[in-house]
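So the chains spell out like this:
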Amino acid sequence: MTKIATASRPATAPSADHFFTLPGERADNWRRLHALTRNWARGADRHKEAAAAFAALEPYEDYFAYPGRALMGALRARIGAGEAAGAAALAQRISEAILTRSYKEEANDWETDEAAADAPPDLNSTTMTPGRARRPYFEMLVVAPGVATRADHMIAGLRALRRPEDAMIYEGVPVPSFEDAIIAVILNPALAAVTLYEGFDHGTAKDVPILRSFLASAGLDAAHTAGEDLPLSLADAIKRIRPELDIYLLSDRRVEQVAGDPRASNVRRVLYSVEELLELHLCVLEGVADRFRTPFFDNLKKYAMRPISTFHALPIARGKSVFKSDWIRDMGEFYGLNIFLAESSATTGGLDSLLEPTGNIKESQDMAARAFGADHVFFVTNGTSTSNKMVHQALIAPGDIVLLDRNCHKSHHYGLVLAGGQPLYIEAFPMTEYSMYGAVPLASIKKALLDLKAEGRLDRAKMVDLTNCTFDGHIYNTRRVMEECLAIKPDLIFLWDEAWFGFARWSPFLRPRTAMGAAAAIEAWMNDPASVEAYERQQKELGANPSAEKLLKTRLIPDPRKIRIRVYQTNSTHKSMSALRQGSMLLVKDIDFASVEAQFHEAVFTHASTSPNQQLIASLDVARRQMELEGYGLVANAIQIALDIRREVNSHPVISKYFRILGADDMVPAEYRESGFTDFLTPGTTWETQVRSMHEDEFCLDPTRITLVCGTAGFDGTQFKKLMADDYDIQFNKTSRNSVLLQSNINNTRSDVAHLIRVLLEICAKIDRDLSSGGENARAAFARRVKALMEDVPDLPNFSHFHDAFRWDAGKKTWEGDMRSAFYSAYYPEGCEYLPLDSPEVEKRLKSGPEMISANFVIPYPPGFPIMVPGQVITKETIDFMRKLDVKEIHGFERAKGLKLIRPDHAKDHVRK
Ligand SMILES: Cc1ncc(COP(=O)(O)O)c(C=O)c1O
């Protein structure tokens, strides 16, 4: 039996980054084989090593169409026969074809015969092989009993049906079993469709311990699926891993029999196996074409080609004012003609209106909803800053309480000011040593809800609003948070700000922790009769009137008959997918959406520009297309790149002297890692522990958000970010006092990693040189600087409380506050005062009052969260933090004037209730 779980892993690679990241390693394995065969051909004693390298990669190659059995057989034969030169030539050709992906276009790459492979390309070859016409290429998995017979036959038949006019071209990948199908779906990012031919087995002939543990944890192993309808179980399993894939079922059974199973909705089309293959071929092409379609972008391209004269208020459209100008023609040359041809107004030319879409924008939004697992999607052209404000405005009425992470993006705070919602700030756990906050513990959220309940004010709590993942990569257990909160208040609305995390939909690891992934899981759970039993069992155990303490300690199960799934997600599509800057989406999965739809449209009307940018809308459409067709591979690559960076920095003998990337154990305190998971790179971490951690832990770390500690190299975050940008053209995401945040995304390549590592090494070498040439003095100064950055860090100030004037509910010391009234109190200059930060008056007021009330938001960059909000009482902790801050940019604070305060005697005058 060939063991494929560990077969080709380099000895240094940690086990956790294997298997699911193999697509990225595949090209490396082939490059390595090529290098070995080349050295062997040059006379080095490398035959055994080449044979071993080939044997290590061979089992994986069954799951890819290219190089395919014929080329693999030829290479095996040449290695076996000791034909070094022939093996090297073929290994080189395959390796290059995989690396450059030329096999998708070059028919010659598929030739087993070297002479034929070197022949000039046959320009008419498009019908028989992936050929020179540049058509999108994909692969289709064919799961059928006895690979060598039925599936091969079918694939050959499908190939024979190709026509030059087909818009796309595909190759088949035959596998004989359920387990092989799962491996293929995980390993092969080029798959876009799957055909299941009834009669296949469950088990693979290969030895795959990692896969078995994955299937067991997902309830998909042979024990669970025995006696089940295997094709439908497989369709269900595939959809859980890659929901975007089209699945076809070739069945001899009656269609009604299949259709009766609820899982049949996973199958795009059931075909009688006796039917013509042509039907399947056309379905497959149509299915992919359906995802390829971008209604708005397609229409915009057509529009741009029309000869239009505009007498509209958009002179730049058609580009004549640019290209005919002596002075601004360079702009035209820089951007090219199309962007001007595609500039238009929604009110002309039938392009549909973003504010009230009924045509191709609506269609594009509906397609995005399908792709992201939402019921509705709104495209937003002013970033997630606007998406968040729209959600607040649409769902929150003045006086409603919103449970909110104080460290969330400012758009939430401002959104509440505008909507009149009252924030009940809940603190995230602090990471003082790195001057940042983590995420909000579920216990704190539950406690806030239970307190409101005890005070008889739970009805005012409307929404829980959290950032997933946080700027620094903390991922919530979205399902658990929603379930436990719904157990306390069954109609709570959730807003998950997934500004950074939109891409996570395309990773089977991360998807369950997205808003939409969790909402879908809860929905499925609600429909399972076992859920009511579980709920009632827990109610019995809890007894009548359980104490708050007991409720806090219990993992609460909501009542599946009562809860309402009302989940909203916002994501900056431009931050993690191929959308232009400010392209954002607002996702809705709200069972009660009909009751708020009109409000939603009002919110869109309030916040959206009446001149939305067509290119932004088109890019959102295209970003969706890309993710549906290649998102899985791109995200797997981004994760692999992140793991590579993590490993290279932390294990490099020179770089790791000065720099360190924080692991999950640094970023998430042990109490929130119930599974015991430490980090992706910890020796002994298995893929199984990683999956368990993603499943169980309160918080996980997004591997693609990488905190690099630079204080230990003597740099503060801002200084290091500037150095890297100015001197090395490397851009980082954000900074803290002693760290910078790097982010890998779908755009990164291995060359980016190589460049980063080379630069870090250069910087470390310089530090080494400076320290050794500067002698004892330089070393002492360096140590002092490192100590200052790493140890003398200011305590992070928690939110204090709102001033009594801005607390509702008849004098109760409530935690939530009427921030809107405080915000507008500051519009009356006579009611405000300024106190310089270092004035003795500040000390006096802190000691003996009257309390100092912040008149506005004060947001230092970094860390970027408001350390003061309007109406907040300023405490000593906040003043201490402000005094220690060494950042230049503090929004809402003018150093020359000092703190802007609401005069206590004035505070009450302008409060409207
Ligand atoms: C968590 C979070 N939400 C929302 C936003 C705003 O997104 P946008 O830049 O798309 O307006 C940001 C921006 O950095 C953010 O970090």
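Nothing here was measured: the structure is a model prediction, and the numbers come from that model.

(A) Broad picture of the packing of helix α18 (residues 383-395) against helix α26 (residues 593-607). Following both chains from N to C, one finds α18 and α26 inclined at 140 degrees, their axes separated by 8 Å at the closest point. Of the possible angle classes, the one that applies to α18 and α26 is oblique. Note on packing geometry: the crossing formed by α18 with α26 is right-handed. Residues Thr 386, Lys 389, Met 390, Val 391, Gln 393, Ala 394 and Leu 395 of α18 form the contact with α26, whose own contacting residues are Val 596, Gln 599, Phe 600, Ala 603, Val 604, Thr 606 and His 607. Looking at side-chain class alone, the contact of α18 with α26 contains eight nonpolar, five polar and one charged residues.

(B) Fine view of the site of the ligand. The immediate surroundings of the ligand are formed by 13 residues, with Thr 384, Ser 385, Asp 497, Ser 572 and His 574 found nearest. One of the side-chain nitrogen or oxygen atoms of His 574 is found 2.7 Å away from an oxygen atom of the ligand. At 3.1 Å from an oxygen atom of the ligand is found a side-chain nitrogen or oxygen belonging to Lys 575. Considered on its own, the ligand offers 390 Å² of accessible surface; in the complex 86% of this is hidden by protein.

(C) Region of interest: the pairing of strand β11 (residues 461-467). Of all seven residues in β11, six are buried; the element is thus mostly enclosed. Examined bridge by bridge, strand β7 (residues 401-405) and β11 share four bridges and lie parallel to one another. Across the sheet, Leu 403 pairs through a bridge with Val 464, a residue of β11. Summarising the sheet, β11 and strand β13 (residues 493-497) pair through five bridges and their orientation is parallel. Bridged to Asp 465 within β13 is Leu 495.

(D) Focus on the nonpolar core. Among the nonpolar cores identified, the biggest contains 216 residues, and Leu 75, Leu 141, Ile 182, Ile 445, Phe 659, Phe 720 and Met 724 are the most heavily contacted of them. Looking at this core, the element that brings in the most residues is helix α27 (residues 614-651), giving 14 residues. Phe 659 has contacts with Val 649, Leu 708, Val 709, Cys 710, Thr 712, Ala 713, Phe 715, Phe 720, Leu 760, Ile 763 and Cys 764, leaving out every residue within four places of it along the chain.

(E) Structural view of the side chain of Asn 468. If you trace the backbone, Asn 468 turns up in the loop between β11 and β12 (474-476). A polar atom in the side chain of Asn 468 sits 2.8 Å from the backbone nitrogen of Tyr 476. Discounting chain neighbours no more than four positions away, the residues touching Asn 468 are His 474, Ile 475, Tyr 476, Thr 478, Trp 496, Asp 497, Glu 498, Phe 501, Arg 513 and Thr 514.

(F) Quick peek at the state of the cysteines. This structure, assessed with the given rule, holds zero disulfides. With no disulfide of its own, Cys 700 lies 11 Å from the sulfur of Cys 469, the closest cysteine sulfur. The thiol of Cys 710 is not disulfide-bonded; the next cysteine sulfur, from Cys 764, is found 11 Å away.

(G) Focus on unusual backbone geometry. Going from Tyr 66 to Pro 67, the amide bond is cis rather than trans, its omega being 10 degrees. Within the secondary structure, Pro 67 is located in the loop between α2 (47-61) and α3 (68-80). Backbone torsion omega between Asn 468 and Cys 469 reads -10 degrees, so that peptide bond is classified as cis. Among the structural elements, Cys 469 can be located in the loop between β11 and β12.

(H) Inspection of the sheet that holds strand β21 (residues 832-835) at higher detail. The strand order β21-β25-β22 describes an open sheet built from three strands, whose pairing is antiparallel. Looking at the sheet topology across the chains shown, the edges are occupied by β21 and β22 (853-854).

(I) Local environment of the side chain of Asp 472. Among the secondary structure elements, Asp 472 is positioned in the loop between β11 and β12. The class of Asp 472 is buried, set by a relative accessible area of 4%. Only 2.9 Å separates the side chain of Asp 472 from the side chain of Lys 734, close enough to count as a polar contact. Excluding residues within four positions of it along the chain, Asp 472 makes contact with Met 436, Tyr 437, Met 667, Leu 701, Arg 705, Thr 707, Lys 734 and Leu 741.

(J) Structural context of a nonpolar patch on the surface. A surface patch of nonpolar side chains, amounting to about 710 Å² of accessible area, comprises Trp 327, Ile 328, Met 331, Phe 334, Tyr 335 and Ile 339. In terms of residues, the nonpolar patch owes the most to one element, helix α15 (residues 329-335), which gives three residues. In this fold, Met 331 is placed in helix α15. Relative accessible area serves as the criterion here: at 32%, Met 331 is assigned to the partly exposed category.

(K) Structural context of the pattern of salt bridges. Evaluation of the coordinates by the stated rule reveals 65 salt bridges. The shortest N-O distance in the salt bridge between Asp 246 and Arg 291 comes to 2.8 Å. Placement of the pair is Asp 246 in strand β4 (residues 246-251) and Arg 291 in helix α12 (residues 277-292), with a sequence separation of 45 residues. Residues Asp 246 and Arg 291 agree in their burial class; the two are buried. Beyond isolated ion pairs, a larger network of salt bridges with shared partners links Asp 246, Arg 268, Glu 286, Asp 290, Arg 291, Arg 370, Asp 621, Arg 624 and Glu 628.

Reading the values: the criteria
- Residues numbered from 1 in each chain as written.
- Predicted model: local features only at pLDDT ≥ 70, side-chain atom pairs only at ≥ 80, totals over all residues.
- Heavy atoms only, no water.
- Axes fitted to C-alpha atoms, helices over the stretch in contact; angles between N-to-C directions.
- Helix = DSSP H or I, 4+ residues; strand = E, 2+ residues; numbered from the N terminus.
- Parallel < 35°, antiparallel > 145°, perpendicular 65-115°, else oblique.
- Left-handed = near helix turned anticlockwise from the far one by under 90°.
- Contact = heavy atoms within 4.5 Å.
- Nonpolar A, V, L, I, M, F, W, Y, C, P; charged D, E, K, R; others polar.
- Near = heavy atom within 4 Å.
- Polar contact = N/O pair within 3.5 Å; in protein donor to acceptor, adjacent residues only side chain to side chain.
- Areas by Shrake-Rupley, 256 points an atom, 1.4 Å probe, with all protein chains shown as cover.
- Buried < 20%, exposed > 50% of the residue type's maximum accessible area, 1.4 Å probe, protein only.
- Pairing = 2+ DSSP bridges.
- Core = buried A, V, L, I, M, F, W, Y, C linked by side-chain atoms within 4.5 Å.
- Disulfide = S-S within 2.5 Å.
- Patch = residues over 30% accessible without salt bridge, like charges linked within 9 Å, V, L, I, M, F, W, Y side chains within 5 Å.
- Salt bridge = Lys/Arg side-chain N within 4 Å of Asp/Glu carboxyl O.

Purely geometric numbers; function is a separate question.
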